[in-house]
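Coordinate inspection notes
What follows is each chain in one-letter form.
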Amino acid sequence: TYIFPSYDSPTARPEVFPGTRTHSSDRTMDLGLAEDHFSRPVGSFVASDIEQLKLAIEECKKLILELPEHSERQKDNVVKLIHLRLKLQELKDPEEDEPNLRVLLEHRFSKEKSKSVKQTCDKCSTIIWGLIQTWYTCTGCYYRCHSKCMNLITKPCVRSKVSHQSEYELSICPEIGLDRQDYRCAECRAQISLRGVPSEARQCDYTGQYYCSTCHWNDTAVIPARVIHNWEFESRKVCRSSMRYLALMMSRPVLRLKEINPLLFNFVEELVEIRKLRQDILLMKPYFITCKEAMEARLLLQLQDRQHFVENDDMYSLQDLIDISTGRLSCSLTEIHTTFAKHIKLDCERCQAKGFVCELCKEGDILFPFDSHTSVCHDCSAVFHRDCYFDNSTTCPRCARMTEPNSGKDPGI
């Protein structure tokens, strides 16, 4: 029978990525997954293997319920529980020569059914001939390898890094030098040199580190640091793990530009235009939430691919910035903005009834906070003509009424 390590062991969780810190005190127990204790034995397996796995699953479920909700330890235990259940599914399927699902170093490998597609193994860098060879793909990071290479894998799943560390390296190519790497590949630790003996050293423009030809295939990607600091979108050579990480992070809104590089808005006019459109959409959102017709038409779902656009106006994904540079985002967002404004100002009587009349000049059409010629009071959200509000030296009339003693409710409400 298998012995499970203690849940409280401080050495329970191995380091996930070379060069990154892990907080062992905040991590959960190691259930033996890294060593692959539960892979199917050659020939057959005994019933105690399944029983031990079932026991571990129950213990893991209990621990999840006891841990603080939404804590890092609870999240890690949920991941462990998923891995244990996949392992149990492997052992319960003894008729196949190769299991359909395998879990290793947080990869979730699924056996491929295609026999005609020609791929390249990420481990040995040779061609996978689907017609005669069994191969697997990680459903998380799309790492591909031969079945025979599975036990040689040393690279953890990049998706786990995305889940636990959703942030970019924001220094441009932070090189430390081959000597600091001991003339070894930053990932697999194979000996490398710039002369190509015994293996060529290839630099990753994202991490700044050097890799061997097995870990660096001269793939290219847009580098976030170069975009944010230089507004440069030229693709640069990156290692395989960086390529996968950048691909998985592409649509994640983790860049707060006004904090990282606020001067960028002074030099890139397209960014200013997009920021204004996003601010207007946030002002339109309350109208749609309280409008039955808008909810039935599901207007806000037009932004389902960029959900952060209806949540804030300062977070951007790398894909957002790429689309801004090509003009694609400006066209699509302007079209959505026009559709939203048309519903509020023309199509829907309920939304029209929530407009404002300028209390300073009491003239003109019904005003809305997202109109380009209006200004909004920051205290009470009343809307005025921009010229009236800025030129008038008095305070907001609505605020004045609401602050008068014994005035009660604002009569305009």
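Residues numbered from 1 in each chain as written. Predicted model: local features only at pLDDT ≥ 70, side-chain atom pairs only at ≥ 80, totals over all residues. Heavy atoms only, no water.

Looking now at the overall build of the protein chain. A tally of helices and strands in the protein chain yields 14 helices and 14 strands. Sorting the 413 residues of the protein chain into buried and exposed places 42% on the buried side. Restricting the contact set of the protein chain to residue pairs at least 6 apart, pairs at least 24 apart contribute 58%. With the model as given, the accessible surface of the protein chain reaches about 23100 Å², and the carbon-plus-sulfur share is 50%. (Helix = DSSP H or I, 4+ residues; strand = E, 2+ residues; numbered from the N terminus. Buried < 20%, exposed > 50% of the residue type's maximum accessible area, 1.4 Å probe, protein only. Contact = heavy atoms within 4.5 Å. Areas by Shrake-Rupley, 256 points an atom, 1.4 Å probe, with all protein chains shown as cover.)

This part covers helix 5 (residues 240–249). Most of helix 5 sits inside the fold, with eight of its ten residues counted as buried. For helix 5, every residue scored as buried is listed here: Arg240, Ser241, Ser242, Arg244, Tyr245, Leu246, Leu248 and Met249.

Running from N to C, helix 8 (residues 269–289) and helix 11 (residues 328–347) point in directions that differ by 30°, and their axes come no closer than 10 Å. Relative to helix 11, the element helix 8 lies roughly parallel. Viewed along their axes, helix 8 and helix 11 form a crossing whose handedness is left-handed. In contact with Glu273, Ile274, Leu277, Arg278, Asp280, Ile281, Met284, Tyr287 and Phe288 of helix 8, helix 11 contributes Leu329, Ser330, Leu333, Thr334, His337, Phe340, Ala341, His343 and Ile344. (Axes fitted to C-alpha atoms, helices over the stretch in contact; angles between N-to-C directions. Parallel < 35°, antiparallel > 145°, perpendicular 65-115°, else oblique. Left-handed = near helix turned anticlockwise from the far one by under 90°.)

Turning our attention to the sheet that holds strand 1 (residues 101–104). In space, the four strands of this open sheet follow the order 1-2-5-6, with antiparallel pairing throughout. Two strands in the sheet have a free side with no partner beyond their single neighbour: strand 1 and strand 6 (144–146). Here the strands of the sheet are splayed against their neighbours by 30° on average, with no regard to which way each runs. In this structure, strand 2 (residues 107–111) lies alongside strand 5 (residues 135–138), joined through three bridges in antiparallel fashion. Opposite Ser110, over in strand 5, you have Thr137 as the bridge partner. (Pairing = 2+ DSSP bridges.)

Membership of the largest hydrophobic core comes to 74 residues, with the highest contact counts inside it found for Phe109, Leu257 and Leu271. Of the residues forming this core, the biggest block, seven residues, is contributed by helix 8. If we ignore the near neighbours within four places in the chain, the residues touching Leu257 are Ile228, Pro262, Leu264, Phe265, Leu271, Asp314, Tyr316 and Leu321. (Core = buried A, V, L, I, M, F, W, Y, C linked by side-chain atoms within 4.5 Å.)

Only one face of strand 2 is buried: it carries His107, Phe109 and Lys111, and the other face, with Arg108 and Ser110, is open. Pairing analysis gives four bridges linking strand 1 to strand 2, with the strands arranged antiparallel. Looking at strand 2, one finds that Leu104 is bridged to His107. The turn linking strand 1 back onto strand 2 is made up of two residues, and Leu105 within it adopts a positive phi angle of 50°.

What follows is about the pattern of salt bridges. Counted by the stated rule, this structure contains 23 salt bridges. Taking the shortest distance from any N to any O, the salt bridge between Glu234 and Arg236 comes out at 3.9 Å. Judged by its relative accessible area of 24%, Arg236 falls in the partly exposed class. We note a salt bridge from Asp323 to Arg328, for which the minimum N-O separation is 2.8 Å. Classification of Asp323 as buried rests on a relative accessible area of 4%. (Salt bridge = Lys/Arg side-chain N within 4 Å of Asp/Glu carboxyl O.)

For an α-helix the count is 3.6 residues per turn, leaving residues at separations of three or four pointing the same way. The terminal C-alpha atoms of helix 8 lie 31 Å apart, and with 21 residues this matches the ideal 30 Å at 1.5 Å per residue to within 8%. At Leu283, helix 8 is deflected by roughly 30°, the largest bend along its length, and proline Pro286 occurs up to four residues later in sequence. For helix 8, every residue scored as buried is listed here: Leu271, Ile274, Leu277, Arg278, Asp280, Ile281, Met284, Tyr287 and Phe288. (Expected span 1.5 Å × (residues − 1). Bend = angle between axes of the 7 residues up to and from the residue.)

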